[in-house]
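Residue strings, one per chain:
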Amino acid sequence: MIKFMTKILPSFIITLILIISCTSSKNMISPDVYLKGTDKFDTQNSTTYYSSDIDIQPVTFGGSGFSFFHFRFTQVKNNEYYQIKTLFSSNDWIFVEKIKFLVNKNFFEFNSLPDPIRKVGGPLGDNNIYEWNLFKVNPTFYKAIISANSVSVRLIGENSYIERDLDKKDIKKLTNFISYIFSKTIKTN
């Protein structure tokens, strides 16, 4: 039993610390809506909101990888930017190129913006690969999510893809975010 505890307990503590650090509610301004902190180098006084993370491939004990996305909305003066940010991590590259959604029976597909961030090795010295991508989306897509009964997401790479049907809880997180954006921040429609 002592050998088991000395092997499992450190991993459990590290996992717990990572989960707690990733779920900080410091910048939460409404359920499932976060406000990016101020940036002293931001001369345009932009404001960025982002949603709770939604798993595409959840973290599993002993699993080889994970992936998630969140919605982002940025205002810069009179301009508004709708985006999705993804993170894919595994032991092999898929070279993410697109993200595709099936919302009710309607398809939405978005290409990754150029120059995604790709690196090997994480903060704890692992050898996994990490791919961060940003996708420009449109208000029509956000509006489709508001009335969605079903949402499926597929992260498409050069080598492979991963996908997931979102559950009601995940859809609610997205609708909470979009409802807040549309009711509190949107200047144009």
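The shown structure was predicted, so the numbers you read here are calculated from the model rather than taken from an experiment.

Conventions adopted
- Residues numbered from 1 in each chain as written.
- Predicted model: local features only at pLDDT ≥ 70, side-chain atom pairs only at ≥ 80, totals over all residues.
- Heavy atoms only, no water.
- Helix = DSSP H or I, 4+ residues; strand = E, 2+ residues; numbered from the N terminus.
- Buried < 20%, exposed > 50% of the residue type's maximum accessible area, 1.4 Å probe, protein only.
- Contact = heavy atoms within 4.5 Å.
- Areas by Shrake-Rupley, 256 points an atom, 1.4 Å probe, with all protein chains shown as cover.
- Polar contact = N/O pair within 3.5 Å; in protein donor to acceptor, adjacent residues only side chain to side chain.
- Axes fitted to C-alpha atoms, helices over the stretch in contact; angles between N-to-C directions.
- Parallel < 35°, antiparallel > 145°, perpendicular 65-115°, else oblique.
- Left-handed = near helix turned anticlockwise from the far one by under 90°.
- Pairing = 2+ DSSP bridges.
- 1 Å grid on protein atoms, 1.4 Å probe; cavity = no way out; pocket = protein on both sides within 12 Å on 5 of 7 lines; lining within 4 Å.
- Points joined across faces, edges and corners; volume = space filled by probe spheres on them.
- Nonpolar A, V, L, I, M, F, W, Y, C, P; charged D, E, K, R; others polar.
- Salt bridge = Lys/Arg side-chain N within 4 Å of Asp/Glu carboxyl O.

Colleague: Would you mind showing me how to read the overall build of the protein chain here?
Modeller: Secondary structure assignment for the protein chain yields 3 helices and 12 strands. Taking all 189 residues of the protein chain together, 37% fall into the buried category. For the protein chain, restricting intrachain contacts to residue pairs at least 6 apart in sequence, the fraction spanning at least 24 positions comes to 58%. Approximately 11800 Å² of the protein chain is accessible, and the part contributed by carbon and sulfur atoms is 55%.

Colleague: Even after reading the chapter, I still don't get the side chain of Ser89, so can you show me in this structure?
Modeller: Mapped onto the secondary structure, Ser89 falls in strand β6 (residues 79-90). Overall, Ser89 belongs to the buried group, its relative accessible area being 0%. A distance of 3.1 Å separates the side chain of Ser89 from the backbone oxygen of Ile129, its partner in a polar contact. Not counting residues up to four positions away in its chain, the partners in contact with Ser89 are Ser64, Gly65, Phe66, Asn128, Ile129 and Tyr130.

Colleague: What is the right way to read the packing of helix α2 (residues 139-146) against helix α3 (residues 168-185) from this model?
Modeller: How two helices pack is summed up by the angle between their axes together with the distance between the axes. Running from N to C, α2 and α3 point in directions that differ by 125°, and their axes come no closer than 9 Å. Compared by their axis directions, α2 and α3 come out oblique. By crossing handedness, the relation of α2 to α3 is classed as left-handed. Here α2 contributes Pro139, Tyr142, Lys143, Ile145 and Ile146 to the contact with α3, which in turn contributes Leu174, Thr175, Phe177, Ile178, Ser179 and Phe182.

Colleague: Could you clarify how one ought to interpret the sheet that holds strand β12 (residues 161-165) in this entry?
Modeller: Through backbone hydrogen bonds, the strands of a sheet pair up, either in parallel or in antiparallel fashion. Ordered in space as β8-β7-β11-β12, the 4 strands form an open sheet in which the pairing is antiparallel. Whereas interior strands pair on both sides, the edge strands pair on one side only; in this sheet they are β8 (106-111) and β12. For this sheet, the mean angle separating the axes of adjacent strands, direction not counted, is 15°. The sheet contact formed by strand β7 (residues 96-103) and β8 spans 6 bridges and is antiparallel. Bridge pairing links Lys98 to Asn111 in β8.

Colleague: Looking at this model, I keep getting lost on the layout of surface pockets. Mind explaining?
Modeller: Rolled over the atoms, a probe sized like a water molecule indicates the empty space that remains. Estimated volume of the second largest pocket: approximately 200 Å³. What lines the second largest pocket is Leu35, Lys36, Gly37, Thr38, Asp39, Asp42, Asn45, Ser46, Thr47 and Thr48. The residue inventory of the lining of the second largest pocket, partitioned by class, reads 1 nonpolar, 6 polar and 3 charged.

Colleague: Is there a simple way to explain the pattern of salt bridges in this structure?
Modeller: Charged atoms that come close allow side chains of opposite charge to pair. Using the criterion set out here, one finds 6 salt bridges in the structure. The closest approach of N and O atoms between Arg118 and Glu131, which form a salt bridge, is 3.6 Å. One end of the pair, Arg118, is in strand β9 (residues 117-120); the other, Glu131, is in strand β10 (residues 129-137), and 13 residues separate them in sequence. Looking at Arg118, the relative accessible area reads 35%, which means it is partly exposed. Where Arg164 meets Asp167, a salt bridge forms, and the shortest distance between an N and an O atom there is 3.6 Å. With a relative accessible area of 35%, Asp167 lands in the partly exposed category. Salt bridges sharing partners connect three or more residues here, namely Lys98, Lys100 and Glu109.

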